[in-house]
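Spelled out from the first residue to the last, the chains are:
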Amino acid sequence: MEAVARRFGLGRLEAEPVRVAGGLSNELWRVRTDRGVFAVKRMVVNADRPDFVGNVEGAYGVERRAWERGVPMPEPVPVGGRALAEVDGGLFRAHRWVDGEPAAGTAVEAARLLAAVHAAGEPRLGAVAGEGWVADRWGSELVELTGRVAQRETSGVIVDSHRDLDGKNTLRRRDGVLLALDWDAAGPISAVQEAAGVALDWSGGDPAVFVSAVRAYSQGSGLDVPAQPWIFGGWVAALGGWLDYNAAHGGRGEVERTLASLRGLAANLDEMVASLQ
């Protein structure tokens, strides 16, 4: 961590760095120096892929613009204009540390935060069709779900956004403001599909909470979320990819949780769509 602190210009260590529990994909450390307190992340999952650095640097462009435009989030600490630095064979990122409570927001607060992210993300018209998910190995129920949420629209509002704004990637600051953390998956996405996915994640499948979050997003963004199954296509594809990854890497607990979420939507899709009408 001394070498990492030097590389990022964080200052001289004043205490032993503390490993922070809870990260699913990477290691997180709390580092105190004579210049402040910092969150230092060592990248782990997929860090050896040839496209990893390019993807994270592309995501950092979205993150930096969101920070500059006032989206509530920790301040990123770059190295020579880039997010990542290689130190002793590892890839690292750094942010200013923010004290707060993880995953403490409400569905409506998350929806309002997403609307702020989208306002900073240069909304424009574009093709909204994305990659689907092949669910053949997971049974007929999920195969049917993927067919029902398959893309029906060809164009719509695209934004540069967070793309993973679930509870684990948020923090309620001590003044009550909800922050967006962990922007490493940021990039272009269909605005209404991300809004539907965030509302679904934060509602726990409760249609009343889901629709209240969607309404809060629409009020904040000016965009209507249509009452059609395809709005859940991005959420299904993202969770399906996470399911396949954990199945291949022994993440049994995550496999069970992700399957439960996907099957929950499969069982309640009509009710969730109807709640928006």
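The structure reproduced in this document is the subject of the present report. Here the structure is a predicted model, which is why all the values come from computation and not from measurement.

**Thoughts on the environment of Glu 86**
- Within the secondary structure, Glu 86 is located in strand 4 (residues 85–87).
- Sequence separation of Glu 86 and Arg 7 is 79 residues, and the distance between their C-alpha atoms is 8.8 Å.
- If we skip the residues at most four places from it in the chain, Glu 86 touches Arg 7 and Leu 91.

**Re the side chain of Lys 41**
- Summarising the element assignment, Lys 41 is placed in strand 3 (residues 36–43).
- Residue class for Lys 41 comes out buried when judged on its relative accessible area of 9%.
- Here Asp 182 takes part through its side chain, which lies 3.1 Å from a polar atom of the side chain of Lys 41.
- With residues near it in sequence (within four places) discarded, Lys 41 still touches Asn 26, Glu 27, Leu 28, Leu 91, Phe 92, Arg 93, Asp 182 and Asp 184.

**Some points on the pattern of salt bridges**
- A complete count under the given rule lists 20 salt bridges for this structure.
- For Arg 124, the salt bridge identified is with Asp 160, shortest N-O distance 3.1 Å. Residue Arg 124 is found in strand 7 (residues 124–126), and its partner Asp 160 is found in strand 8 (residues 156–161); the two are separated by 36 residues along the sequence.
- A residue is classified by how much of its surface remains accessible, and Asp 160, at 11% relative accessible area, is buried.
- In this structure, Asp 270 and Arg 148 form a salt bridge, with 2.6 Å as the shortest nitrogen-oxygen distance. Here the residue Asp 270 occupies a position in helix 8 (residues 252–275), and Arg 148 occupies one in helix 4 (residues 140–148), the gap between them amounting to 122 residues.
- Residues joined in a network through salt bridges with shared partners are Lys 41, Glu 63, Arg 93, Asp 182 and Asp 184.

**A look at the nonpolar core**
- Of all hydrophobic cores here, the largest spans 56 residues; its most connected members are Trp 133, Trp 183, Phe 232, Leu 262 and Leu 265.
- The set of elements that each furnish at least two residues to this core consists of helix 2 (52–68), helix 3 (107–120), helix 4, strand 10 (178–180), helix 5 (191–203), helix 6 (207–221), helix 7 (233–248) and helix 8.
- In contact with Leu 262, not counting residues within four places along its chain, are Trp 133, Leu 142, Leu 145, Trp 235, Val 236, Leu 239, Gly 240 and Leu 243.
- Phe 8, Val 31, Val 77 and Val 87 belong to the second-largest nonpolar core, a separate cluster that totals 14 residues.

**Things to note about the environment of Asp 224**
- Considering the arrangement of structural elements, one finds Asp 224 in the loop between helix 6 and helix 7.
- Overall, Asp 224 belongs to the exposed group, its relative accessible area being 67%.
- Here the alpha-carbon distance between Asp 224 and Gly 205, two residues 19 residues apart in the chain, equals 20 Å.
- Ignoring anything within four residues of it in the chain, the contact list for Asp 224 reads Val 192 and Ser 218.

How each quantity is defined
- Residues numbered from 1 in each chain as written.
- Predicted model: local features only at pLDDT ≥ 70, side-chain atom pairs only at ≥ 80, totals over all residues.
- Heavy atoms only, no water.
- Helix = DSSP H or I, 4+ residues; strand = E, 2+ residues; numbered from the N terminus.
- Contact = heavy atoms within 4.5 Å.
- Buried < 20%, exposed > 50% of the residue type's maximum accessible area, 1.4 Å probe, protein only.
- Polar contact = N/O pair within 3.5 Å; in protein donor to acceptor, adjacent residues only side chain to side chain.
- Salt bridge = Lys/Arg side-chain N within 4 Å of Asp/Glu carboxyl O.
- Core = buried A, V, L, I, M, F, W, Y, C linked by side-chain atoms within 4.5 Å.

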